[in-house]
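Take a look at the letters that make up each chain.
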Amino acid sequence: MTTYPKAAPSSTDSIEFFELSHPWGIGVPNWPYFEDVKIERIHYHAKSGVLTQRITTVMHSGTHIDAPAHVVEGTPFLDEIPLERFFGTGVVVSIPKKKWEVITAQDLENARPRIRPGDIVIINTGWHHHYGDNSQYYAYSPGLYKEAGEWLAAKGVKMVGVDQQALDHPLATAIGPHGVGPLLPRVMEEYKAETGREVIEDFPLWEPAHRALLNAGIPGIENVGGDLDKVTGKRVTFAAFPWRWEKGDGCIVRLVAMIDPNQDFRIESGAEE
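Predicted model, so just to flag it, every value in this text is computed and none were measured. (Residues numbered from 1 in each chain as written. Predicted model: local features only at pLDDT ≥ 70, side-chain atom pairs only at ≥ 80, totals over all residues. Heavy atoms only, no water.)

1. Describing the nonpolar core
In step 1: Core analysis: the largest hydrophobic core is formed by 24 residues, its most contacted members being Leu-20, Ile-65, Ile-122, Val-231, Phe-238 and Leu-255.
In step 2: Those elements that place two or more of their residues in this core are strand E7 (120-124), helix H8 (228-231), strand E11 (235-239) and strand E13 (256-259).
In step 3: Here Val-231 is in contact with Phe-18, Leu-20, Val-92, Val-236, Ala-257 and Ile-259, once residues within four sequence places are set aside. (Core = buried A, V, L, I, M, F, W, Y, C linked by side-chain atoms within 4.5 Å. Buried < 20%, exposed > 50% of the residue type's maximum accessible area, 1.4 Å probe, protein only. Helix = DSSP H or I, 4+ residues; strand = E, 2+ residues; numbered from the N terminus. Contact = heavy atoms within 4.5 Å.)

See below:
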């Protein structure tokens, strides 16, 4: 791997940057009904002396953001979300969960640092450690459901990110008996064998956390990962800007957390000198 050249001293030198996105590229893990990512080299060094690549992908791939219009008709698309939604102060809270467990409103109320109105909130359940092309990550993850989604919306948070496959519990999505699902009928059978109940009894609503958050204009980031554990339990600054895509329903993003231990950095005033 080549070493990136070191920049001259700058105003950001005191800031610590933390990568909260999973790597993205050929073979990136996919939600069960998406086509594989395709990357082609149109030009490459041996042929043309330059490298130019073409990508074919859904935007709900890897670490990505959901616009309200992804799930709720008549709500804003990506280009209609104010830029300030994608930047700001927030918290990374630890809410450890196991297979099929639900993140509750009480979990969020008890989380530390405290979740405040206007926060960007990232939830670390520990599930990002299972990220990959496997059933463990996609079919058996924990997740938000109606109660937690409504709690976050009522709190008035700015944006929400989770380290699982979706803003909702997998059994409240098309992986379960909702929408075009069940995409994975065997999982429905396993749930009944383990609990003695049908999935639809325990998860009767289709993506209620998506709907609670997106109806409130709160974008959601799915598949958070990277160095998430390093900033868990901390209050930080986040940035995650999507493309300026007109009528976009979602977008791959690079989620970054920032800490300035010395409190040296300040946003420029706009003065000419």
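2. Considerations on helix H7 (residues 208-215)
In step 1: Burial within H7 is extensive, with 6 of its 8 residues counted as buried.
In step 2: Here H7 has its buried residues at Pro-208, Ala-209, His-210, Ala-212, Leu-213 and Leu-214.
In step 3: Residues of H7 that are buried sit in contact with strand E4 (64-66), strand E8 (143-144), helix H4 (146-155), strand E9 (159-162) and strand E10 (220-222).
In step 4: One or two residues past the end of H7 sits Gly-217, with phi positive at roughly 75°.

3. Some details on the packing of H4 against H7
In step 1: Orientation of H4 relative to H7, taken along the N-to-C sense of each, is 10°, at an axis distance of 7 Å. Accordingly, the angle class assigned to the pair H4 and H7 is roughly parallel. For the pair H4 and H7, the contacting residues are Lys-146, Gly-149, Glu-150, Leu-152 and Ala-153 in the first and Pro-208, Ala-209, Ala-212 and Leu-213 in the second.
In step 2: In terms of residue class, the contact of H4 with H7 is built from 6 nonpolar, 1 polar and 2 charged. (Axes fitted to C-alpha atoms, helices over the stretch in contact; angles between N-to-C directions. Parallel < 35°, antiparallel > 145°, perpendicular 65-115°, else oblique. Nonpolar A, V, L, I, M, F, W, Y, C, P; charged D, E, K, R; others polar.)

4. Considering a nonpolar patch on the surface
In step 1: Residues Leu-83, Phe-87, Phe-241 and Ile-267 make up a contiguous nonpolar surface patch of roughly 440 Å² in combined accessible area.
In step 2: Tracing the backbone through its elements, the reader meets Ile-267 in the segment after E13.
In step 3: Classification of Ile-267 by relative accessible area gives exposed; the value is 64%. (Patch = residues over 30% accessible without salt bridge, like charges linked within 9 Å, V, L, I, M, F, W, Y side chains within 5 Å. Areas by Shrake-Rupley, 256 points an atom, 1.4 Å probe, with all protein chains shown as cover. Salt bridge = Lys/Arg side-chain N within 4 Å of Asp/Glu carboxyl O.)

5. What to know about the packing of aromatic side chains
In step 1: Per the counting criterion, the structure on display carries 10 aromatic pairs.
In step 2: Their ring planes at 85° and their centres at 5.3 Å tell us that Tyr-145 and Phe-203 sit as a pair that is edge-to-face. Pair noted here: Tyr-145 is in the loop between E8 and H4 and Phe-203 is in the loop between helix H6 (199-202) and H7, with a separation of 58 residues, a long-range link. Summarising the burial analysis for this pair, Tyr-145 and Phe-203 share the class buried.
In step 3: Within the aromatic cluster, the residues linked to one another by ring pairs are Trp-100, Tyr-140, Tyr-145, Tyr-191 and Phe-203.
In step 4: Over the ring of Trp-206 we find Arg-211; its NZ or CZ atom is 5.1 Å from the centre of that ring. (Phe/Tyr/Trp six-rings, centres within 6.5 Å; stacked < 30°, edge-to-face > 60°. Lys NZ or Arg CZ within 6 Å of the ring centre and 35° of its normal.)

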